[in-house]
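Chains, contacts and geometry: an overview
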Amino acid sequence: MKTQVAIVGAGPSGLLLGHLLKRAGIDCVVVERQSRDYVLGRIRAGVLETVTTDLMIRLGIDARMRAEGLIEEGFNLATDDRLIRIDITALTGRHVMVYGQTELTRDLMDAAPNRDLPIVFEANDVALHDIDGDAPYLTYAKDGVAQRIDAQFIAGCDGFHGPSRRAIPAGAVREFEREYPFGWLGILADVPPCHPELIYANTARGFALASMRSTTRSRYYIQVPLTDRVEDWSEDRLWDELAQRFDPLSKYGVTHGPALEMSIAPLRSYVFETMRHGRLFLAGDSAHIVPPTGAKGLNLAASDVAYLADALAAFFASGDEVGLVGYQARALARIWKAERFSWYLTKLMHRFPEDGAFEHRMQAAELDYVASSRAMQTAIAENYVGLPL
Ligand code: APR
Ligand code: PHB
């Protein structure tokens, strides 16, 4: 098979890029290792910046998002006994939208057949070849049969564990990493949220986040030691812990209910600065990871592919390579600012095992300052709502 752009990975990056390219009249194919159901079974964050909602609107895949997404004009930072509301709309004139990444992925998958965007699921052993030359290609196996896709460009949208980043020679790469000494234990349940807006809480018992998917579905997280396993936590134990942290802070208190999903995820900051090598371009989690504090992961994927789609469209329209040459610098400028904000919010809101009384006082003083300073609140709000493209 021959195409103009071969896309590895059918997460949000690969699917958004595929739709953007198709809309620009560029031929492409998406190749995904997992099945459709597996991809749609992954529970990820759910706060969309305008960058992301605008892309869905531009693509005309926004009907369900606009009908079901919740507009959030503010969110809260909290200590044990105090809620500090960050009024996003008053401070920035904008808002974010709560809409699960899983739902957005489903909408992009559902729209693919009508728009002639081919997605090959369950493609095994995807490998990238000749990315240094001008005729790169992918190989994979589908139902036991070897396949090959020749392309002019390859887009590596295959997440943190995919093969694209690793296809770049070691001598050509620069990477930066920070791991955090805790994970997030999450629970999804069909119970009404404890509060109308998200709450990120730094309590004496550790960090906790009250989030939601809709007015009837809640998503909560607590900070846990890296040694904890999901099996260590019964649902009742987790609900009791959430109630201790949120009942004093929230409007309605925590409603318990059967878990639809429970999982533990580690927290990491990671940037792979080599986002282009020859004919290979990386986008989304294949090139960078943020800790989930601030929900920047999906939104960064969206800005990467917006830049990349523009650059590829200009190239295929007129041979103009300026966008392709500038892609990495343009993307990294936004990525590093989101890395900074996610790291800042993670440091401000979590209990680090190595921290002592002095560091706790620093966090308390900073939160007290945020509560009293419009300038601090504006800085937090404009990063949370998303920096411009
Ligand atoms: N071959 C083909 N596809 C692969 C391979 C492979 N060898 N390895 C991984 N993939 C697929 C994964 O199965 C996944 O569906 O690439 C896709 C990558 O999707 P994501 O991990 O969702 O990454 P991305 O699309 O960049 O989206 C970033 O998703 O991970 C979250 O928090 C992150 O919200 C952020 C967003
Ligand atoms: C979520 O709803 O899953 C969520 C929300 C905000 C975050 C992270 C996760 O910062």
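Residues numbered from 1 in each chain as written. Chains lettered and ligands numbered in written order. Predicted model: local features only at pLDDT ≥ 70, side-chain atom pairs only at ≥ 80, totals over all residues. Heavy atoms only, no water.

1. Focus: the state of the cysteines
Note the threshold: Note that a disulfide, as used here, is simply two cysteine sulfur atoms within 2.5 Å.
Taken as a whole, this structure holds zero disulfides when the rule is applied. Its sulfur unpaired, C157 is 10 Å from the next cysteine sulfur, which belongs to C28.

2. Some details on helix α8 (residues 297–318)
Stated formally: A run of H or I in DSSP becomes a helix once it reaches four residues, and a run of E becomes a strand once it reaches two; helices and strands are each numbered from the N terminus. The length a helix should cover is 1.5 Å for every residue beyond the first.
If you check α8, its first and last C-alpha atoms are 32 Å apart, about what 22 residues at 1.5 Å a residue would give, namely 32 Å. Immediately beyond the C-terminal end of α8, within one or two residues, lies G319, with a positive phi of roughly 75 degrees.

3. Structural notes on the sheet that holds strand β19 (residues 280–282)
We apply this condition: Strands pair, by our definition, only if DSSP identifies at least two bridges between them. Any two residues having at least one pair of non-hydrogen atoms within 4.5 Å are treated as being in contact. The axes used here are C-alpha line fits, helices contributing only the stretch in contact, and every angle between their N-to-C directions lies in the interval 0 to 180 degrees.
Ordered by their spatial adjacency, six strands build an open sheet running β8-β2-β1-β12-β19-β18, and the pairing between neighbours is mixed. Because the sheet does not close on itself, it has two edges, and the strands there are β8 (119–120) and β18 (276–277). For strand β1 (residues 5–8) and strand β12 (residues 153–156), the ladder comprises four bridges, and the chain directions are parallel. The residue bridging A6 from the neighbouring strand is I154, located in β12. Relative to the sheet, α8 contacts β1, β12 and β19, its axis offset from that of β12 by approximately 175 degrees.

4. Side note on the pattern of salt bridges
Here is the rule we go by: By definition, a salt bridge exists where a carboxyl oxygen of Asp or Glu is found within 4 Å of a side-chain nitrogen of Lys or Arg. Relative accessibility thresholds used throughout: buried, under 20% of the residue-type maximum; exposed, over 50%; partly exposed, between the two (1.4 Å probe, protein chains only).
One pass over the structure, following the stated rule, counts 21 salt bridges. Here K22 and D27 are joined by a salt bridge, their closest N and O atoms 3.6 Å apart. Here D107 makes a salt bridge to R64, at a shortest N to O gap of 2.9 Å. Placement of D107 in helix α6 (residues 101–111) and of R64 in helix α4 (residues 63–68) is noted, with a sequence separation of 43 residues between them. Given the relative accessible area of 8%, D107 is considered buried. Judged by relative accessible area, R64 falls into the partly exposed class, the value being 26%.

5. So, the domain arrangement of the protein
You'll often see interface size given as the accessible area lost when the parts meet. Note the cut-off: Here the bounds of each domain stem from an automatic or database domain assignment. Defined in terms of a 1.4 Å probe, buried area is the accessible area two parts forfeit on being brought together, summed over both.
By domain assignment, the protein separates into domain 1 (5–72 + 95–177 + 268–345) and domain 2 (180–267 + 351–385). Computed over C-alpha atoms, the centres of domain 1 and domain 2 are 29 Å apart. Regarding the contact of domain 1 and domain 2, the summed buried area is about 2000 Å², with carbon and sulfur atoms giving 63% of it. Inspection of the region where domain 1 meets domain 2 yields zero salt bridges. Secondary structure elements with two or more residues in the side of domain 1 that touches domain 2: β4 (70–72), β7 (96–98), β17 (259–272) and α9 (322–349).

6. As for the site of ligand 1
Spelled out, the test is: Only heavy atoms are used to decide nearness, and a residue is near a molecule or strand if one of them lies within 4 Å of it. In the analysis that follows, any N or O atom pair within 3.5 Å is treated as a polar contact, provided that within protein one partner can donate a hydrogen and the other can accept it, and provided that, for residues neighboring in sequence, both atoms belong to side chains. Each accessible area value is a Shrake-Rupley result obtained with a 1.4 Å probe; residue values ignore everything except the protein chains displayed when judging cover.
What surrounds ligand 1 is a group of 24 residues, the closest being S13, E32, R42, Q101 and D285. In this structure, R42 approaches ligand 1 through a side-chain N or O atom, which is 2.6 Å from an oxygen atom. Take D285: an N or O atom from its side chain is 2.6 Å from an oxygen atom of ligand 1. When the free accessible area of ligand 1 is taken as 700 Å², the share hidden by the protein chains comes to 89%. Of all the secondary structure elements, the ones that give two or more residues to the shell around ligand 1 are α1 (12–23) and α8. Counting residues per element, the shell around ligand 1 draws most heavily on α8, at three residues.

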